[in-house]
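Single-letter residue listing:
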Amino acid sequence: MKQRFFLSLLVAFGLVAFALPRLPVGVDGLAGIFALSWLFFAVIVIAGNLVGLLYTNNKGQVETKERHIKVETVRNRRRYGR
């Protein structure tokens, strides 16, 4: 699972590196709006892959607060006999 996030991150960085010199960021009008929105979505993709890469455990599952709370509840019940 981590390999997929890492590969997607590399592809996203590659696309940004390839497109950045060609995007008309400082231009007024529709071309500038397109360039800024494209960069915005690229940042979202990169951030999403970073979050997935950082919050994935060794088994390939994404850790969530709900799962952590359930595990702690079960541990407490076993520990205190409830």
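Please read these numbers as outputs of a predicted model, since none were measured by experiment. (Residues numbered from 1 in each chain as written. Predicted model: local features only at pLDDT ≥ 70, side-chain atom pairs only at ≥ 80, totals over all residues. Heavy atoms only, no water.)

Draft legend 1. Expanded view of the confidence of the model for the chain. With 85% of its residues at a pLDDT of 70 or more, the chain has an overall mean of 85. By mean pLDDT, the top-scoring element of the chain is helix H2 (residues 30-54) (95), and the lowest-scoring one is helix H3 (residues 65-80) (73). (pLDDT = per-residue confidence, 0-100. Helix = DSSP H or I, 4+ residues; strand = E, 2+ residues; numbered from the N terminus.)

Draft legend 2. Molecular detail of the packing of aromatic side chains. Enumeration over the complete set of coordinates arrives at one aromatic pair. Its guanidinium or amino end placed over the ring of phenylalanine 5, arginine 4 lies 4.7 Å from that ring's centre, counting from NZ or CZ. In this arrangement the basic side chain of arginine 22 is found over the ring face of phenylalanine 18, its NZ or CZ atom lying 4.1 Å from the centre. (Phe/Tyr/Trp six-rings, centres within 6.5 Å; stacked < 30°, edge-to-face > 60°. Lys NZ or Arg CZ within 6 Å of the ring centre and 35° of its normal.)

Draft legend 3. Spatial organisation of the environment of proline 24. Structurally, proline 24 is set in the loop between helix H1 (2-19) and H2. Look at proline 24 and you get partly exposed, because its relative accessible area is 32%. Distance from proline 24 to phenylalanine 34, taken between C-alpha atoms, is 8.7 Å for residues 10 residues apart in sequence. Proline 24 has contacts with Ala31, Gly32 and Ala35, leaving out every residue within four places of it along the chain. (Buried < 20%, exposed > 50% of the residue type's maximum accessible area, 1.4 Å probe, protein only. Contact = heavy atoms within 4.5 Å.)

Draft legend 4. Spotlight on the environment of alanine 35. Along the polypeptide, alanine 35 turns up in helix H2. Overall, alanine 35 belongs to the buried group, its relative accessible area being 0%. Separated by 11 residues in sequence, alanine 35 and proline 24 place their C-alpha atoms 6.1 Å apart. With residues near it in sequence (within four places) discarded, alanine 35 still touches Leu23, Pro24 and Val25.

Draft legend 5. Structural view of the nonpolar core. If you look at the biggest cluster of nonpolar residues, it comprises five residues: Leu9, Ala12, Val16, Ala42 and Ile46. Going through the elements one at a time, H1 and H2 are the ones with two or more residues in this core. Top contributing element to this core by residue count: H1, with three residues. (Core = buried A, V, L, I, M, F, W, Y, C linked by side-chain atoms within 4.5 Å.)

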